[in-house]
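So you can see what is in the structure, the chains are spelled out below.
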Amino acid sequence: MSLSLINLAYLASAVLFILALKGLAHPRTAVRGNLLGALGMLVAVLATFADRHIVDGGTDVLVKIVGAIAVGGIIGVLMATRIQM
């Protein structure tokens, strides 16, 4: 993927994060805000994996990225199950 498309994907993910924060400000739109935030993160992760400079860094870079995703996912699940609404 070309660098300009990757930068555009990062910009789109930033816009989605901003819209997510706006949506999370009100209980009626919180579900939509949460979905926009998740979509923004998906776009950012896919853009990161599409960047040749990062992927060509070797398997140790990919292991670190996948490890960070796993640690963040575990922390997110633990917090989501333990914190009451």
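Read on for a plain summary of the structure. Quick caveat: nothing in here was measured; it's all calculated off a predicted structure.

**Examining the side chain of serine 13**
Moving on, step 1. Among the structural elements, serine 13 can be located in helix α1 (residues 3–24).
Moving on, step 2. Exposure remark for serine 13: the relative accessible area of 4% places this residue in the buried category.
Moving on, step 3. With sequence-adjacent residues up to four places away left out, serine 13 is seen in contact with Gly40, Val43 and Ala44.

**Brief notes about a nonpolar patch on the surface**
Moving on, step 1. Together, Leu5, Leu8, Leu11, Val15 and Leu19 make up a nonpolar patch on the protein surface, roughly 450 Å² of accessible area in all.
Moving on, step 2. Within the fold, valine 15 resides in helix α1.
Moving on, step 3. You can call valine 15 partly exposed: its relative accessible area is 42%.

**Some words on helix α2 (residues 30–50)**
Moving on, step 1. The terminal C-alpha atoms of α2 lie 30 Å apart, and with 21 residues this matches the ideal 30 Å at 1.5 Å per residue to within 8%.
Moving on, step 2. What α2 keeps buried is the set Gly33, Gly37, Gly40, Ala44 and Ala47. Buried residues of α2 fall within an arc of 90 degrees about the axis and therefore sit on the same side. In α2, those exposed residues whose orientation departs by more than 90 degrees from the buried face are Val31, Arg32, Asn34, Leu35 and Leu46.
Moving on, step 3. Considering only its buried residues, α2 is in contact with α1.

About the criteria used
- Residues numbered from 1 in each chain as written.
- Predicted model: local features only at pLDDT ≥ 70, side-chain atom pairs only at ≥ 80, totals over all residues.
- Heavy atoms only, no water.
- Helix = DSSP H or I, 4+ residues; strand = E, 2+ residues; numbered from the N terminus.
- Buried < 20%, exposed > 50% of the residue type's maximum accessible area, 1.4 Å probe, protein only.
- Contact = heavy atoms within 4.5 Å.
- Patch = residues over 30% accessible without salt bridge, like charges linked within 9 Å, V, L, I, M, F, W, Y side chains within 5 Å.
- Areas by Shrake-Rupley, 256 points an atom, 1.4 Å probe, with all protein chains shown as cover.
- Salt bridge = Lys/Arg side-chain N within 4 Å of Asp/Glu carboxyl O.
- Expected span 1.5 Å × (residues − 1).
- Arc of directions from axis to C-beta.

Just geometry here; none of it tells us what the structure is for.
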